[in-house]
Amino acid sequence: MPASHSTLSSEEVESQLERVLASPTFRSTDRLSAFLRFIVTETLAGRSDKIKGYTVATKVFGRPRDFDPVVDPIVRIQATRLRRRLAGYYAGDGMNDPIRMEIPKGAYVPVFSWASEFIHKDAESGSEGDESGVVSFNGPSLAVLPFVSVSQESDSDHFAFGLVEQIVAAVTRYEAVTVIGLQSTLQFRATTQSSQDIARSLGARFLLSGSIRIAGKQLRVAIQLTDGMDGVQLWAKTLERQLDVATLLDMEDEIADRIVASVADEYGVIPSKLKREASGKPPSDISAYEASLLFYHYNATADPVTHKRALQALEKATEEEPDYAIGWAQLAELYTDAVQLGFEAPANAFQRAQQFARRAVSLDPCCLQARTTMAYVNFVGGNYEAAIHESEAAIGIHPNSPYHVMVAAFWMGLSGGLAEATRIMREMEDRNPSHPGWLHLLPLIDHLERRCYDLALQEASKFRSPGLAWDPLLRASIAALAAKKRLAAEAYREFADLFPEVAEDPSTYIGKYLHFDRHREPILSGLAQARRTAGGARRS
């Protein structure tokens, strides 16, 4: 048995395996749990020499006998995820476990050791921190502290613990964020230590805390997110619900999903904070994760300057980490945007985008960014059925991820599935209203089809992308359709002054994203009205 201690028995390792798999970190990951159980069981049975990529693929992931790891990298991808998940477990729930499990890079055979030996080994290599004892903050790590019960109801403590466990489980679905759960944070339930001291003790960058109050049938949950580096409160929210014993577990899930979407989603509080930090770094100092953050920053602004910076960062990231599926997908989207929006790009940009998108899906079929990018690429290529299929695949992978589900719905709607896509988008927007403004194009089109011009104008005002001609174009067109002549004239003059080339040929520009006449014609009609109104106002 691979181990660094001769007295480590099979029974002790099996007990540790069950402890790991029963944790919130692993409870929601059936495939990774099956992977870990298989390689541990085979190792304990003396068959570690049989643990190869082919064996794992066919026996754990159900691949056929003709499985080819060159074509299908699923084992390598899942092994990377499993290593990351184990590291997160031992940084959080398993911090005090007696036995450590590791999967060395380059192989799939696990190694077991006593925690004391593991810590001694790290101390010798200097990985525990510098001489001052300060733990460095290397990425988005979140510690979920025990929620405090501030009521006399006996059920409030149970609900508080249950909610924290659901929050931890929900965060684990966002792979970029390492979560530290109750097993490690329970010691701080009644502490008077500062948030910086707690964060330093846990090795966490961010702290999520909260309180539960139950009064009769009324439930109030108050949540705060704190930056562990400086103790600044970044976000706070209060949720109120009517208690119903029959739906208590569903309520826990719903509250947990809302909290986690607000803090961990791609446009949640944590990524937004880290985006601002990454935007000030020189390109040579930007990590692969920070390159992805720059992509999300560009996606919110959609202007040529942030596009170029994100493109350069992701080209560097994918060169240094060629298995970085998210990076390849984001790079594909940037190349496609360059073609669609007229940004700087090589002559074969769309062909490269198609190649990069396919590579991203091949590297990680469960990558949400890869699936939504494939939907975009298929839409641009006029393959609407494939675009809808990729959108549905993305939604099925993680239906509670607001940003990616909204993007998937966006391409679904523009490809012809408007009614269902709009319903999905509104549900996700309710969970987390922070998202790029251009996503409002879809509900705007839905309102136009129903001739609800005032509602469509509200959506146009939320576009908030001054770097795109779409912003004043839509405000001008919809204001004209809503018979708001002054607004229409002002928006059209802004549009014509800032984007004269698009104003000369708006049909081509609009047609890049609105492929169907029923989507395109009302906007062109309104824009023509706005142009006439602006011309008349100028002459007068």
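Data block above holds the structure.
For clarity, every value in this text was computed on a predicted model and none was experimentally measured.

Undergrad: Mind laying out the overall build of the protein, listing which residues take part and the relevant values?
TA: If you tally the helices and strands in the protein, you get 26 helices and eight strands. What you see for the protein is a C-alpha radius of gyration of 26 Å, in line with the 24 Å of a compact globule of 540 residues. Expressed as lengths along the three principal axes of its C-alpha atoms, the size of the protein is roughly 90 × 60 × 50 Å. A separation threshold of at least 6 residues defines the contact pool for the protein, and within that pool the share at least 24 residues apart is 62%. In the protein, the 58 positive side-chain charges and the 69 negative ones have mean positions that sit 5 Å from each other.

Undergrad: Lay out the environment of G181 with the relevant residues and their values.
TA: Note on placement: G181 falls in the loop between β5 (178-180) and α8 (182-185). The spacing of G181 and E290 is 109 residues in sequence and 25 Å in space, taken between C-alpha atoms.

Undergrad: Which residues make up the pattern of salt bridges, and what values do they have?
TA: Tallied over the entire structure, the rule returns 21 salt bridges. Between D227 and R205 there is a salt bridge; the shortest N-O distance is 2.9 Å. You can see D227 sitting in strand β7 (residues 218-227) and its partner R205 sitting in the loop between α9 (195-202) and β6 (206-215), a full 22 residues away along the chain. Linking R423 and E427 is a salt bridge whose minimum nitrogen-to-oxygen distance equals 3.4 Å. Highlighted residues: R423 and E427, both in helix α19 (residues 418-431), separated by four residues, approximately one helical turn. The partly exposed category is assigned to E427, whose relative accessible area is 36%. Members of the salt-bridge network, linked through shared partners, are R205, D227, K273 and E277.

Undergrad: Quick rundown of helix α1 (residues 10-21)? Include the residues and the values.
TA: Since the α-helix turns once every 3.6 residues, residues separated by three or four places project in the same direction. With 12 residues, α1 should cover 16 Å at 1.5 Å per step; its first-to-last C-alpha distance of 16 Å lies within 8% of that length. Every buried residue of α1 is listed here: V13, Q16, L17, V20 and L21. Buried residues of α1, seen end-on, are gathered within an arc of 130 degrees and therefore sit on one face of the element.

Undergrad: Please give an account of helix α14 (residues 325-341) that cites residues and values.
TA: Over its 17 residues, α14 extends 24 Å from the first C-alpha to the last, a length consistent with the 24 Å expected when each residue adds 1.5 Å. A large share of α14 lies buried, amounting to 15 of its 17 residues. Among the residues trailing α14, G342 stands out with phi positive, at a value near 80 degrees.

Undergrad: Give me the lowdown on the packing of aromatic side chains, citing residues and values where you can.
TA: Any two aromatic rings considered together are summarised by their centre-to-centre distance and by the angle between their planes. Throughout the structure, instances matching the rule amount to 23 aromatic pairs. With 6.4 Å between their ring centres and 50 degrees between their planes, Y54 and F67 make a pair best called tilted. Of the two residues, Y54 is situated in helix α4 (residues 53-59) and F67 in the loop between α4 and α5 (74-91); the sequence distance between them amounts to 13 residues. Residue F67 is classed as buried on the basis of its relative accessible area, which comes to 9%. Pairing F295 with Y296 gives two aromatic rings, centres 5.4 Å apart and planes at 70 degrees, and the pair type is edge-to-face. Pair check on accessibility: F295 and Y296 agree, each one buried. In this structure, R518 is placed above the aromatic ring of F516, and the distance from its NZ or CZ to the ring centre is 4.9 Å.

Undergrad: Please give an account of empty space enclosed by the protein that cites residues and values.
TA: All told, the structure shown has one cavity of 30 Å³ or more when counted by the stated rule. What the largest cavity holds in volume is close to 190 Å³. Looking at the lining of the largest cavity, the elements with two or more residues in it are α12 (288-301), α14 and α18 (402-414). By residue number, the principal contributor to the lining of the largest cavity is α14, which donates three residues. Residues belonging to the lining of the largest cavity are distributed by class as follows: 12 nonpolar, one polar and two charged.

Undergrad: Give a description of the pairing of strand β8 (residues 233-242) that names residues and reports values.
TA: Summarising the sheet, β7 and β8 pair through nine bridges and their orientation is antiparallel. Counted as the bridge partner of Q224 is A236 from β8. Once β7 ends, the chain turns through five residues before running back antiparallel as β8, passing G231 with a positive phi of about 80 degrees.

Undergrad: Kindly report on the layout of surface pockets, identifying the contributing residues and their values.
TA: The space that makes up the second largest pocket amounts to roughly 330 Å³. Those elements that provide at least two residues to the lining of the second largest pocket are β8, α10 (248-264), α11 (269-279), α12 and α19. Looking at side-chain class alone, the lining of the second largest pocket contains seven nonpolar, eight polar and six charged residues.

Undergrad: Any details on the packing of helix α20 (residues 441-449) against helix α21 (residues 453-461)? Residues and values, ideally.
TA: Axis separation between α20 and α21 bottoms out at 8 Å; the angle between their running directions is 165 degrees. With respect to each other, α20 and α21 are oriented roughly antiparallel. Note that α20 runs across α21; the crossing there is left-handed. Counted together, P443, L444, H447 and L448 of α20 and Y453, L455, A456, E459 and A460 of α21 form the full contact between these two elements. Partitioning the contact of α20 with α21 into residue classes produces seven nonpolar, one polar and one charged.

Undergrad: Account for the environment of I212, naming residues and giving values.
TA: Relative to the helices and strands, I212 resides in strand β6. Taking the C-alpha atoms as reference points, I212 and S401, 189 residues apart in sequence, are found 25 Å from one another. Not counting residues within four places of it along the chain, the set of residues in contact with I212 comprises F147, V148, S149, V150, S151, S156, F159, A160, L163, L219, R220 and V221.

Definitions and cut-offs
- Residues numbered from 1 in each chain as written.
- Predicted model: local features only at pLDDT ≥ 70, side-chain atom pairs only at ≥ 80, totals over all residues.
- Heavy atoms only, no water.
- Helix = DSSP H or I, 4+ residues; strand = E, 2+ residues; numbered from the N terminus.
- Rg over C-alpha atoms; globule rule 2.2 N^0.38 Å.
- Contact = heavy atoms within 4.5 Å.
- Lys, Arg positive; Asp, Glu negative; His and termini not counted.
- Charge placed at Lys NZ, Arg CZ, Asp CG, Glu CD.
- Salt bridge = Lys/Arg side-chain N within 4 Å of Asp/Glu carboxyl O.
- Buried < 20%, exposed > 50% of the residue type's maximum accessible area, 1.4 Å probe, protein only.
- Expected span 1.5 Å × (residues − 1).
- Arc of directions from axis to C-beta.
- Phe/Tyr/Trp six-rings, centres within 6.5 Å; stacked < 30°, edge-to-face > 60°.
- Lys NZ or Arg CZ within 6 Å of the ring centre and 35° of its normal.
- 1 Å grid on protein atoms, 1.4 Å probe; cavity = no way out; pocket = protein on both sides within 12 Å on 5 of 7 lines; lining within 4 Å.
- Points joined across faces, edges and corners; volume = space filled by probe spheres on them.
- Nonpolar A, V, L, I, M, F, W, Y, C, P; charged D, E, K, R; others polar.
- Pairing = 2+ DSSP bridges.
- Axes fitted to C-alpha atoms, helices over the stretch in contact; angles between N-to-C directions.
- Parallel < 35°, antiparallel > 145°, perpendicular 65-115°, else oblique.
- Left-handed = near helix turned anticlockwise from the far one by under 90°.

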